[in-house]
Amino acid sequence: MTPEFRQKAITTCSDKIAKKGEGVGLSFYAFFKNKNDDPELLMQVATWWIRNHKLDHFEKAVKIRDMMRAI
């Protein structure tokens, strides 16, 4: 994943947490538009999320934000 994407993911998580509280969950699709305009990046994130970390479809935004910060 690119540093730009990681920052976008951190910002997306932080925005969701600010709006809905620390218990809010999200899927990796939350970081993408409904249009699949970057399939390579989508697959990188899906691989990171599903194969590498074996995360559930929905995870707490706080957890994902912290994981992205740690990369």
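Attention in this report is confined to the structure presented alongside it. (Residues numbered from 1 in each chain as written. Predicted model: local features only at pLDDT ≥ 70, side-chain atom pairs only at ≥ 80, totals over all residues. Heavy atoms only, no water.)

1. Observations concerning the overall build of the chain
Then, number 1: When helices and strands are tallied, the chain shows 3 helices and 2 strands.
Then, number 2: Secondary structure elements of the chain occur, N-terminal to C-terminal, as α-β-α-β-α.
Then, number 3: A compact globule built from 71 residues would reach a C-alpha radius of gyration of about 11 Å, and the chain, at 11 Å, matches this within 12%.
Then, number 4: Principal-axis analysis of the C-alpha atoms places the extent of the chain at approximately 30 × 25 × 20 Å.
Then, number 5: Put simply, of all contacts in the chain between residues at least 6 apart along the chain, 55% involve residues at least 24 apart.
Then, number 6: For the chain, the computed accessible surface area is about 4,800 Å², with 51% contributed by carbon and sulfur atoms. (Helix = DSSP H or I, 4+ residues; strand = E, 2+ residues; numbered from the N terminus. Rg over C-alpha atoms; globule rule 2.2 N^0.38 Å. Contact = heavy atoms within 4.5 Å. Areas by Shrake-Rupley, 256 points an atom, 1.4 Å probe, with all protein chains shown as cover.)

2. A short note on helix H1 (residues 3–20)
Then, number 1: Spanning 18 residues, H1 covers 26 Å between terminal C-alpha atoms, matching the ideal 26 Å at 1.5 Å per step.
Then, number 2: For H1, the full list of buried residues reads Phe 5, Arg 6, Ala 9, Ile 10, Thr 12, Cys 13 and Ile 17. Seen from one end, H1 has its buried residues packed into an arc of 160°, which puts them on one side. In this structure, H1 carries Pro 3, Glu 4, Ala 18 and Lys 19 as exposed residues pointing more than 90 degrees from its buried face.
Then, number 3: The inward-facing, buried residues of H1 abut strand E1 (25–26), helix H2 (39–52) and helix H3 (61–70). (Expected span 1.5 Å × (residues − 1). Buried < 20%, exposed > 50% of the residue type's maximum accessible area, 1.4 Å probe, protein only. Arc of directions from axis to C-beta.)

3. A few points about H3
Then, number 1: Taken residue by residue, H3 has Ala 61, Val 62, Ile 64, Arg 65 and Met 68 as its buried positions. An end-on view of H3 places all buried positions within 165° of arc, on one side of the element.
Then, number 2: Of the surrounding elements, those touching the buried residues of H3 are H1, E1, H2 and strand E2 (59–60).

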